[in-house]
Structures are given as structure tokens and as C-alpha cells.
Amino acid sequence: FRPRRPSVFGMLGSLVSAIQRFDETGDALLLAKTHNVAPVLLERYSGKPGEGVSGVAFLERRPVWSSDITSDQSLVRTEGDASRALDEAGLKAVLAVPIVVRDEAYGVLNVIYQETRDFTDAEIQLLKTLADSAAVAIGNSQYRKSTRLNSSHVVISYAVFCLHKTHVSSPH
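What counts, and at which threshold
Residues numbered from 1 in each chain as written. Predicted model: local features only at pLDDT ≥ 70, side-chain atom pairs only at ≥ 80, totals over all residues. Heavy atoms only, no water. Pairing = 2+ DSSP bridges. Helix = DSSP H or I, 4+ residues; strand = E, 2+ residues; numbered from the N terminus. Axes fitted to C-alpha atoms, helices over the stretch in contact; angles between N-to-C directions. Contact = heavy atoms within 4.5 Å. Buried < 20%, exposed > 50% of the residue type's maximum accessible area, 1.4 Å probe, protein only. Phe/Tyr/Trp six-rings, centres within 6.5 Å; stacked < 30°, edge-to-face > 60°. Lys NZ or Arg CZ within 6 Å of the ring centre and 35° of its normal. Core = buried A, V, L, I, M, F, W, Y, C linked by side-chain atoms within 4.5 Å. pLDDT = per-residue confidence, 0-100.

**Some thoughts on the sheet that holds strand 1 (residues 16–23)**
Pairing is antiparallel in the open sheet, where five strands are placed in the order 2-1-5-4-3. Single-partner strands in this sheet number two, and they are strand 2 (28–35) and strand 3 (64–66). In this sheet, neighbouring strand axes are inclined to one another by 20 degrees on average, regardless of whether the strands run parallel or antiparallel. One ladder, built from seven bridges, connects strand 1 with strand 2; its direction is antiparallel. Bridge pairing in strand 2 links R21 to L30. In the packing of helix 3 (residues 52–60) onto the sheet, the strands contacted are strand 1, strand 2, strand 3, strand 4 (93–101) and strand 5 (104–113), and the crossing angle to strand 5 comes to about 150 degrees.

Encoded structure:
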């Protein structure tokens with residue numbers, strides 16, 4: 001019997017978490033991976049860089065948090081459906097840290113609470129470490145994809161070269 005190790009989100013006391021990735025075409029932070037996120041958010045939420053906790057964390061590439069997003073005057077709230085979706089989901093406290101892959105902002109890792117709460121330095125550092133680990137994994141995945149693509153181009157180029165060489169050197 002092996003005791004089950006607590007998850008990072010369990011250690012942070014969060015039942016809700018999300019990874020948002022930046023979509024350049026829509027200039028938006030879209031939900032990419034979620035855990036226990038309310039259906040209303042899955043259907044209608046997208047954030048903008050510089051707006052809300054996640055948007056500021058993304059834009060400024062630093063951890064950002066709010067003990068109560070419904071009353072935090074320092075935040076620029078997302079407008080429209082996204083704002084209504086946040087309210088309907090009953091979210092209060094949010095801690096967001098950027099995911100930076102090879103000096104490029106990829107997205108944001110969030111832990112979300114339905115009650116107000118303060119965050120300790122240790123909790124912020126723990127989520128930052130997890131975001132850094134996610135960045136390494138994402139970077140490795142991107143590298144593997146580009147390497148496969150590049151090796152495919154090399155194989156195709158070599159095949160074209162061989163065909164051309166055979167065609168040029170074959171007697172008529």
C-alpha cells in the first residue's frame with residue numbers, strides 16, 4: 001500500500017484550476033486545460049491581456065492575485081459575457097502565474113476559489129514552480145514537434161535531391 005501524495009492544488013486548498021493559453025489571432029487568453037471549472041466559464045469565458053488577474057499576470061509576466069475579484073478596485077474587469085460568466089460562477093479569490101516558454105509568454109496557470117482568501121508567499125512560490133515546470137514541458141513538446149517537422153523537411157529535400165540527381169545524370 002502506497003499512500004497517495006497530495007496534489008499541488010490540494011496543498012493550495014483549491015478545488016478549481018485552469019491553464020489559459022494566449023491566442024494571438026483573437027488577442028485572448030483561452031481556457032486550455034481545466035479542473036472543476038464551472039460550465040458557464042467553459043462556454044463563455046475568455047480573458048484579455050492586461051484585464052483581470054490572469055490578464056495582468058500574462059502581460060506583466062509576474063504572479064498576480066486577488067483575495068476578492070468582485071470588489072478589488074485595482075483590477076480592470078473583463079467586460080461582457082466573460083464578466084457575467086465570472087459572476088455566475090461565484091468566483092472570489094484568484095492566484096495567477098504566467099507560463100513563459102523560451103522567453104515567450106504562453107499563458108497563465110490559475111488557482112481559483114469561491115471564497116475570499118489571502119495568499120502566502122509559499123503558496124505563490126509553489127504555483128510559480130508548477131508554472132515553470134509546465135513551461136519546460138510545453139517547450140519540450142514544441143521542440144519535439146519542430147524537430148519532427150524539420151527532419152521531415154530534410155527527408156523530403158534529400159528525396160527531391162536524389163530524384164533530381166537521378167534525372168540529371170540518367171542518359172537519354
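**Thoughts on the side chain of S66**
For S66, the location among the structural elements is in strand 3. We classify S66 as buried; its relative accessible area is 1%. Once residues lying within four places of it in the same chain are set aside, the contact partners of S66 are V53, D72, L75, K92, A93, V94 and F119.

**A short note on the packing of aromatic side chains**
Counted under the stated rule, the structure contains two aromatic pairs. Look at Y113 and F119: their rings are 5.6 Å apart centre to centre, the planes differ by 55 degrees, and that puts the pair in the tilted class. Across this residue pair, the class does not change: Y113 and F119 are buried. One cation-aromatic arrangement involves R117 over Y113; the distance from NZ or CZ to the ring centre is 4.4 Å.

**Notes on the nonpolar core**
Counting 22 residues, the largest nonpolar core has L41, V53, I69, L91 and V108 as its most contacted members. Breaking this core down by element, the ones donating at least two residues are strand 1, helix 2 (39–44), helix 3, helix 4 (81–89), strand 4 and strand 5. For this core, the element with the most residues is helix 3, which contributes four residues. For V108, the residues in contact, after removing those within four places along its chain, are A18, I19, Q20, L29, S54, A57, F58, A96, V97, P98 and I99. Grouped together as the second largest cluster of nonpolar side chains are 15 residues, A93, V97, V101 and V111 included.

**Observations concerning the confidence of the model for the protein**
Looking at the protein as a whole, the pLDDT averages 80, with 76% of positions reaching at least 70. Overall, residues 166–170 carries pLDDT values under 50, and its contacts beyond four positions in sequence, including any with other chains, amount to zero contacts.

**Focus: the environment of Y45**
Relative to the helices and strands, Y45 resides in the loop between helix 2 and helix 3. Considering only alpha carbons, one finds Y45 and L30, 15 residues apart in sequence, at a separation of 7.5 Å.

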